[in-house]
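Working through the structure, step by step
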Amino acid sequence: MASNPGSDAALDTQKSVLSGSPRTKKFPLTEQEVFYMNCRAAYLTIFKSSLENIMSKDQLYLALQHAGRNPSQKTINKYWTPQTAKLNFDDFCIILSKEKPTSKADLLKSFKQLDVNDDGSILHSDLHKYLTKRGEKMTQEEVNAVISLADVNANGKFDYVKFCKLYMATSEQCLKTTLERLEADSKLRRQQFGSQMEGSPERDPSPVPKPSPRIIRKNDQETFSSKGDTSHTLLSTTRKFKTSVSFTMPMSANSNRDSTLTEPNLKDWQCAQSRGCFFLEEDGEVVSHQYKMHIAQRSVLYLTIKPLNLSQVEGKHSPWLSVDTALYILKKNENPAEAQLMCFTELRNREVFGWTGELEPGIYWLIPSTTGCRLRKETKPVTEEVQLVHRDETGELSLTSEFRSTLSEIFEIIDLDGNGLISLEEYNFFELRTSGEKCDEDAWAVCRENFDTKKNELTRQGFMDLHLMEANDREGDPLDLWVTLHSMGYNTALELTEACPFVINVYAERCKPRIKAVHMEACSGQLERAICKSVLDRSNAKVMDGYENIVVHTCNQDSWITSIIENKSDDKVIIHINNELSKNCVNNRGLNIFAVEVAPRSTMLSVFICRFVNM
């Protein structure tokens, strides 16, 4: 990811201030590290911890201002959509990498548009008119605060050339002052980053600034670009910045094991199969079907999971086939949080991941997982929008061939048992995903009366007719149909980009296994505990230099690397991860340099790194 550390002057200031620290004498700061420190600095002026989430537009607006950005309402709306519930620190870093900070040239260009006399100043009357009537309007109090600045106002005029110099100097001085303060104040460093120093630091909570008095308003027509919106620039002149210093943990992505999946002789083995799907949420979280498996007697099992190829064209590659998959098998416990990890599909043959071994009789949880390295939110806007319905010469409404093909794919995804029919239980997974509601028995009876069914289950044609009825109910308006498609992971070009269907096969040597989908959720806590346990059991452990209570566990598999950080101390710690040495790889966080915060006496999943090779 291309970093954007800010202006050259600001970068030089930070590098010079940090040059005296022991860490930077040995490892000079890169531009990306400086950029990352600016991200943390801005974030920690709003929140006590980088683990806290941005929960509103106001918080996002304020955090961006503290990072030296001047976001317009259009910019805020781009990152906080009606579907957004929260943004985390990684999201914030990505936003900052895309939104360039205001430069002196940008400021001057914006003000020059208001300078009718081309003399470097603007009449207060004109300034008042522009700031209160155009773009994102400022209040009277905010305008008064601007024209009362003594250094840049005289004789009823606003000297914007002086203001631009003042603005840039103030921003740079704020960064410099805060860095110097952190270097001199060891207590503050411990408070923000945890401590492996002598003694236990006092736990004084960091003060949280009051919310910005500026309220995010509805969209107004913008006069200037978001880079040069003078309203935001004027309001941010007195913002203070905090930043920090930290240590960096390099991580290489060189494989040290090759675990090949070999299929046993499955003759006379009994098989159970179920399909499912990973869905990417707006906040980047992945949800999926989860299963119960029943084994009647002690038996050798062969379990596999792989992406489901839905292509109806022979030889055509489905884009989600490169998404990595895994399956964690946990022994069911009365308390789900205490379920015991038995095994996971660590062996691989191309896109198939599997495990072979013996299990005792009982009930098990099957939790699918993907690293998230290949299942990511689309970054490029899709301009094409496929037509879903059309009317013939008689005015009768019908589904387009493209939409019918996509509905056929969706039918395959939600047909969990693969019998070519949709049961009420299978249909309700689809309904919960697309509408958030279930279909009860009475409604299902009406469905059977009006659409083609077989053995009390909906056929493919019935599924098509159901959506045609929905289109007719809306008189051809495809809005609700698009809600369904987007919920299932399709973009406006009808490409499945934010979902990955998969298929699970369970073979048992001595009994008939049973598998049933029971939930569709993130289950992040249970899954993360399972991942941490799998890594701790198989990892190479390394104590961080100079920090005996911080242990990094790295499990290097054939396809990806998983890193777990173990904090044995009584204080929280924040670890900076450096993935710049990773070649031909992607990681699930999307940043080459980032940080994770680990609570006292705990372990935390740090990062997945997925290799491109043969994936």
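Here the residue numbers are simple positions, counted from 1 along each chain's written sequence. Reporting in this predicted model follows two pLDDT cut-offs: at least 70 for local features of residues, and 80 or more for side-chain atom pairs to be given and counted; totals over whole chains, interfaces and linings ignore these cut-offs and use all residues. Hydrogens and water molecules were not included; the side-chain quantities draw on all heavy atoms of the structure.

The name given to the chain in an unreviewed UniProt entry is EF-hand calcium binding domain 7, and the organism recorded there is Rattus norvegicus. Heading Subcellular location (unreviewed entry) of the UniProt record for the chain holds this comment: "Membrane". UniProt positions are given in the numbering used here, feature names are shortened, and annotations may be inferred rather than shown by experiment.

In this section: the overall build of the chain. Secondary structure follows DSSP: runs of H or I at least 4 residues long count as helices, runs of E at least 2 residues long count as strands, and numbering of each begins at the N terminus. On a plain count of helices and strands, the chain comes out with 18 helices and 25 strands. Burial status follows relative accessibility: with a 1.4 Å probe on protein chains alone, a residue under 20% of its type maximum counts as buried, one over 50% as exposed, and anything between as partly exposed. For the chain, the residues scored as buried account for 52% of the 615 residues in total. The criterion used for residue contact is that any of the two residues' heavy atoms lie within 4.5 Å. If you take every contact in the chain between residues at least 6 apart in sequence, the share linking residues at least 24 apart comes to 73%. Taken as a whole, the chain presents about 29200 Å² of accessible surface, with 48% of it coming from carbon and sulfur. Each accessible area value is a Shrake-Rupley result obtained with a 1.4 Å probe; residue values ignore everything except the protein chains displayed when judging cover.

One speaks of a salt bridge when a side-chain nitrogen belonging to Lys or Arg is within 4 Å of a carboxyl oxygen belonging to Asp or Glu. Applying the stated criterion to the full structure yields 15 salt bridges. The salt bridge involving E346 is made with R538; its shortest N-O contact spans 3.3 Å. Here R538 lies in helix α18 (residues 524-538) and E346 lies in the loop between β9 (340-344) and β10 (347-349), a separation of 192 residues in the sequence. Between R474 and D480 there is a salt bridge, with the nearest N and O atoms lying 2.7 Å from each other. Through salt bridges with shared partners, a single ionic network connects R298, E358, E360 and R510.

Another aspect to go through is the UniProt feature "domain: EF-hand" (unreviewed entry) in the chain. With numbering matched to this structure, UniProt assigns "domain: EF-hand" (unreviewed entry) to residues 102-137 and 402-437. In this annotation, residues 402-437 is assigned 67% helix and 0% strand; the end-to-end C-alpha distance for the span is 27 Å.

Relative to the elements of secondary structure, V607 occurs in strand β25 (residues 602-611). Along the primary structure V607 and N579 are separated by 28 residues, whereas in three dimensions their C-alpha atoms are 9.6 Å apart.

Core analysis: the biggest nonpolar cluster contains 91 residues, and M293, L301, L303, Y328, I329, L366 and I410 have the highest contact counts within it. Filtering out sequence-adjacent residues up to four positions away, I329 remains in contact with M293, L303, Q340, L341, M342, C343, F344, L359, Y364, W365 and L366. If you look at the next biggest cluster of nonpolar residues, it comprises 42 residues, including Y36, F47, I577 and A595. We call a set of buried residues a nonpolar core when its members are Ala, Val, Leu, Ile, Met, Phe, Trp, Tyr or Cys and they connect through side-chain atoms within 4.5 Å of each other.

Within the fold, T484 resides in helix α17 (residues 479-487). With residues near it in sequence (within four places) discarded, T484 still touches F430, T434 and H467.

What follows covers α17. Among all positions in α17, only L481, W482, T484, L485 and S487 are buried. Positive backbone phi, at 100 degrees, marks G489, one or two positions downstream of α17.

A few words now on the sheet that holds strand β2 (residues 153-154). DSSP calls a pair of strands paired once it identifies at least 2 bridges connecting them. The strand order across the open sheet formed by three strands is β1-β3-β2, and the pairing between neighbours is antiparallel. Either end of the sheet is taken by a strand with one partner, and the two such strands are β1 (121-123) and β2. Sheet topology places β2 next to strand β3 (residues 157-159); two bridges connect them, and they run antiparallel. Paired with N153 across the strands is F158, a residue of β3.

What follows concerns the sheet that holds strand β23 (residues 585-587). Strand order in this open sheet of five strands is β19-β20-β21-β25-β23, and the pairing throughout is antiparallel. Two strands bound the open sheet, and with one partner strand each, they are β19 (540-544) and β23. Across this sheet, the average inter-strand angle for adjacent strands is 25 degrees, counted without regard to direction. Strand direction decides the pairing type here: β19 and strand β20 (residues 547-556), joined by five bridges, are antiparallel. Bridged to M544 within β20 is Y547. Throughout, an axis means a line fitted to C-alpha atoms (over the contacting stretch in the case of helices), and angles, computed between N-to-C directions, take values from 0 to 180 degrees.

Here the expected length of a helix is defined as 1.5 Å per residue gap, with one fewer gap than residues. With 14 residues, helix α16 (residues 460-473) ought to run about 20 Å at 1.5 Å a step, and its terminal C-alpha atoms sit 20 Å apart, in line with that. Within α16 the residues assigned to the buried category are G462, F463, M464, L466, H467 and A471. Taken together, the buried residues of α16 touch β13 (389-391), β14 (397-399), α13 (401-414), α14 (424-434), β16 (457-458) and α17. Of the residues trailing α16, E475 is marked for its positive phi of about 55 degrees.

Where burial is concerned, most of strand β6 (residues 286-295) is hidden: seven out of the 10 residues are buried. Of the pairings in the sheet, the one linking strand β5 (residues 270-280) to β6 comprises three bridges and is antiparallel in character. Across the sheet, F279 pairs through a bridge with V287, a residue of β6. With antiparallel pairing between neighbouring strands as the criterion, β5 and β6 make up a hairpin whose turn holds five residues, including G284 at a positive phi of roughly 90 degrees. As paired elements, β6 and strand β18 (residues 514-521) share seven bridges and run antiparallel to each other.

Okay, the environment of S539 next. By secondary structure assignment, the location of S539 is in the loop between α18 and β19. As used in this structure description, the phrase polar contact means that two N or O atoms lie within 3.5 Å; if the pair is within protein, one of them must be able to donate a hydrogen and the other to accept it, and residues adjacent in sequence are counted only when both atoms belong to side chains. Here H553 takes part through its side chain, which lies 3.2 Å from a polar atom of the side chain of S539.

The description of two helices packed together rests on the angle between their axes and the distance between the axes. Running from amino to carboxyl end, helix α4 (residues 57-66) crosses helix α6 (residues 89-98) at an angle of 55 degrees, the nearest separation of the two axes being 11 Å. One element, α4, and the other, α6, form an angle in the oblique class. With respect to the hand of their crossing, α4 and α6 are arranged in right-handed fashion. Contacts between α4 and α6 involve L60, A63 and L64 from the former and F92, I95 and L96 from the latter. Grouping the amino acids of the contact of α4 with α6 by side-chain chemistry returns six nonpolar, no polar and no charged. The scheme is simple: roughly parallel for angles under 35 degrees, roughly antiparallel for over 145, roughly perpendicular for 65 to 115, oblique for anything else. Each helix crossing is assigned a hand: it is left-handed if the near helix lies turned anticlockwise from the far helix by less than a right angle, otherwise right-handed if that turn is clockwise. Gly falls in the polar group here, along with every residue not listed as nonpolar (Ala, Val, Leu, Ile, Met, Phe, Trp, Tyr, Cys, Pro) or charged (Asp, Glu, Lys, Arg).

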